[in-house]
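One-letter residues, chain by chain:
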Amino acid sequence: MAITITQQPQYFQPACNPYVWVFESDQTAQPNFSFIVELYVGGSLVSTHQVFNESANYAKFDASGDLRCLLTSEMVTTGALLTFYDPAVDVVNIRIYEKYGTPPVLSGVFATGTVKRAWNASLRHPDFINYDYLDYMVSRTNANSGNILFLTDFPRTRKYFVGLYESAFLTFINRSKPNVDFYLKLYDVTGSLITSYTNTIGVGDLNVIDCSPQNLIANTPVTLLDFQSCAYFTVRVQGLDAGVNSGFSETFKFWIDTECHRYDTHRLHWLNKLGGWDSFTFTLVSTDSTKVKTSDYQRERGQWNTAGTMWEYTRYHGEQMAFNKYATDTTVLNSDWIHESVQQWLVRDLYESPKVYLEVTPGAFEPVKVTNEDYTLQQRRVNGLIREVVTLERTYTYNSQLT
């Protein structure tokens, strides 16, 4: 009597894509045979499943249905340099039993998988089948050092802009929760280094760095004058394990948006497919509109006089009357002219995101709902100059007093 686990999820794997174990037993010929699979998250039993062999002695179990219900991601508003996202990542494992006989009973034999981790991410199928957690995990042992990616699909060949008083975030995965070294460097327009800052910070499995210039000023020795002289700044992290430095992330570059905009700008932040937070500023004119729904009733065209002795017809009495108004606000945002790779990243990530926020003032965020129902991945050779129009439904509605 033996159970063998032949395939497991990767060490770090998105929770909302297939999260599959494959296993076999040498007892599948027994009457009424099935596997009983227990799913554990954070050391606690979450669910129990009966699974039947599908291909000869082999069966599979997909935990994504349970995991996607357990994980969530909230907007980062702590004001700290780094925020742990451990509530969105947890220790995942299974225990597999055999069950057979007449009547079927548990055999007492079980197999246990190795500990895995999941976080609140959902990749498109072509990206998922090519996913490798070593592309994203900051670790001393990761051979991809220097090329370990932050959790964003923003095209690295384009400029990622942030205003001096706007928010921006970088998310990264770290193995086994050691400390990391955080590196910040500011450069002027000629590429000369203005100042730099390095510090060792404690991290969790999934971590968000608040790269807003004002937040970096508040949490590092870098000053406002440094940023006012800055054309761009770079951020990277490096894994630490037992005091050994290695496992560098990519060097991510933020360009300071110093342009004097003609219209009020609007910056959106959203949960992307990789479980990180992306941002984009719409700089052209925006328009606000409101849809008002009226609740009404009809009453008789007259009323009794004050003494109650005569039925009078007056102009002010009214027949079609409103007793309540319900208003929903909509905002239309227009981007400036953008490169096709930025447009394709923007529409695919923003329109498909379940959680979007509008930065109403620096560091203050309002949830909004993107109502664009379709998009086109535009190309310069077909579409010419490219910009994007986004329609937002504001989630806070207005309900008037009753009349």
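For the structure, check the block above.
Residues numbered from 1 in each chain as written. Predicted model: local features only at pLDDT ≥ 70, side-chain atom pairs only at ≥ 80, totals over all residues. Heavy atoms only, no water.

**Focus: the overall build of the chain**
A tally of helices and strands in the chain yields six helices and 29 strands. Relative to a compact globule of 403 residues, whose C-alpha radius of gyration would be 22 Å, the chain shows 28 Å and is clearly more extended. Structurally, the chain occupies a C-alpha span of about 95 × 75 × 45 Å along its principal axes. Out of the 403 residues belonging to the chain, those deemed buried represent 46%. For the chain, the share of sequence-separated contacts (at least 6 apart) that also reach a separation of at least 24 residues comes to 69%. With the model as given, the accessible surface of the chain reaches about 20300 Å², and the carbon-plus-sulfur share is 49%. Placing the 32 positive and 42 negative side-chain charges of the chain at their respective mean positions leaves the two points 3 Å apart. (Helix = DSSP H or I, 4+ residues; strand = E, 2+ residues; numbered from the N terminus. Rg over C-alpha atoms; globule rule 2.2 N^0.38 Å. Buried < 20%, exposed > 50% of the residue type's maximum accessible area, 1.4 Å probe, protein only. Contact = heavy atoms within 4.5 Å. Areas by Shrake-Rupley, 256 points an atom, 1.4 Å probe, with all protein chains shown as cover. Lys, Arg positive; Asp, Glu negative; His and termini not counted. Charge placed at Lys NZ, Arg CZ, Asp CG, Glu CD.)

**Looking at the pairing of strand β20 (residues 266-271)**
The side chains of a regular strand alternate between both faces of the sheet. With six of six residues buried, β20 lies mostly within the body of the structure. Because side chains alternate across β20, one face comprises the buried residues H266, L268 and W270, and the other comprises R267, H269 and L271, equally buried. Taking the residues that link successive antiparallel strands as the turn, the β20-strand β21 (residues 277-282) hairpin has five residues, and the phi of G275 there is positive, at about 85°. One ladder, built from four bridges, connects β20 with strand β26 (residues 356-361); its direction is antiparallel. Directly across from W270, in β26, lies its bridge partner V356. (Pairing = 2+ DSSP bridges.)

**A closer look at the layout of surface pockets**
Considering only enclosed or pocket space, the largest pocket measures out at about 540 Å³ in volume. If you trace the largest pocket, you find 22 residues lining it, with K159, F161, F280, W337 and I338 closest to the centre. Among the elements of the structure, β12 (160-163), β19 (252-257), β21 and α5 (340-350) are those that each provide at least two residues to the lining of the largest pocket. By volume, the second largest pocket is sized at about 360 Å³. Along its surface, the second largest pocket is lined by 20 residues, and Y165, E166, T265, H266 and T281 are the ones closest to its centre. Elements with a contribution of two residues or more to the lining of the second largest pocket: β19, β20 and β26. Class assignment of the residues belonging to the lining of the second largest pocket gives a composition of six nonpolar, eight polar and six charged. (1 Å grid on protein atoms, 1.4 Å probe; cavity = no way out; pocket = protein on both sides within 12 Å on 5 of 7 lines; lining within 4 Å. Points joined across faces, edges and corners; volume = space filled by probe spheres on them. Nonpolar A, V, L, I, M, F, W, Y, C, P; charged D, E, K, R; others polar.)

**Here's the deal with empty space enclosed by the protein**
In the structure shown here, the tally under the stated rule is one cavity of 30 Å³ or more. What the largest cavity holds in volume is close to 40 Å³. Lining the largest cavity are F150, L151, T152, Y160, F169, L170, T171, F252, W277 and D278. Of all the secondary structure elements, the ones that give two or more residues to the lining of the largest cavity are β13 (169-174) and β21. In terms of residue count, β13 provides more of the lining of the largest cavity than any other element does, three residues in total. Classifying every residue of the lining of the largest cavity by side-chain character gives seven nonpolar, two polar and one charged.

**Side note on the environment of E340**
For E340, the position within the fold is in helix α5. Relative accessible area serves as the criterion here: at 26%, E340 is assigned to the partly exposed category. For the pair formed by E340 and S25, sequence separation is 315 residues and the distance between their alpha carbons is 52 Å.

**Points about the pattern of salt bridges**
According to the stated counting rule, one finds eleven salt bridges in the structure shown. The residue E352 makes a salt bridge to K273 at a minimum N-O spacing of 2.8 Å. Of this pair, E352 sits in the loop between α5 and β26 while K273 sits in the loop between β20 and β21, placing them 79 residues apart in sequence. One salt bridge in this structure joins R301 and E319, with 3.1 Å as the shortest N-O distance. Residue R301 is found in the loop between β22 (287-298) and β23 (303-304), and its partner E319 is found in the loop between β24 (311-312) and β25 (320-334); the two are separated by 18 residues along the sequence. (Salt bridge = Lys/Arg side-chain N within 4 Å of Asp/Glu carboxyl O.)

**What to know about a nonpolar patch on the surface**
Among the surface-exposed residues, Y297, F323 and L402 lie close enough to one another that they form a single nonpolar patch of about 300 Å² accessible area. Along the polypeptide, L402 turns up in the segment after β29 (398-399). You can call L402 exposed: its relative accessible area is 64%. (Patch = residues over 30% accessible without salt bridge, like charges linked within 9 Å, V, L, I, M, F, W, Y side chains within 5 Å.)

**Section: the nonpolar core**
Within the largest apolar cluster, 50 residues are counted, with the highest numbers of intra-cluster contacts made by F182, I209, F233, F254, L268 and L350. If one sorts the elements of this core by residue count, α5 sits on top with five residues. Sequence-distant contacts of F233, that is, excluding residues within four places in its chain, are made with V162, L184, K185, L186, C211, P213, L216, F227, F252, K253, F254 and I256. Membership of the second largest hydrophobic core comes to 24 residues, among which are Y11, F12, V208 and L271. (Core = buried A, V, L, I, M, F, W, Y, C linked by side-chain atoms within 4.5 Å.)

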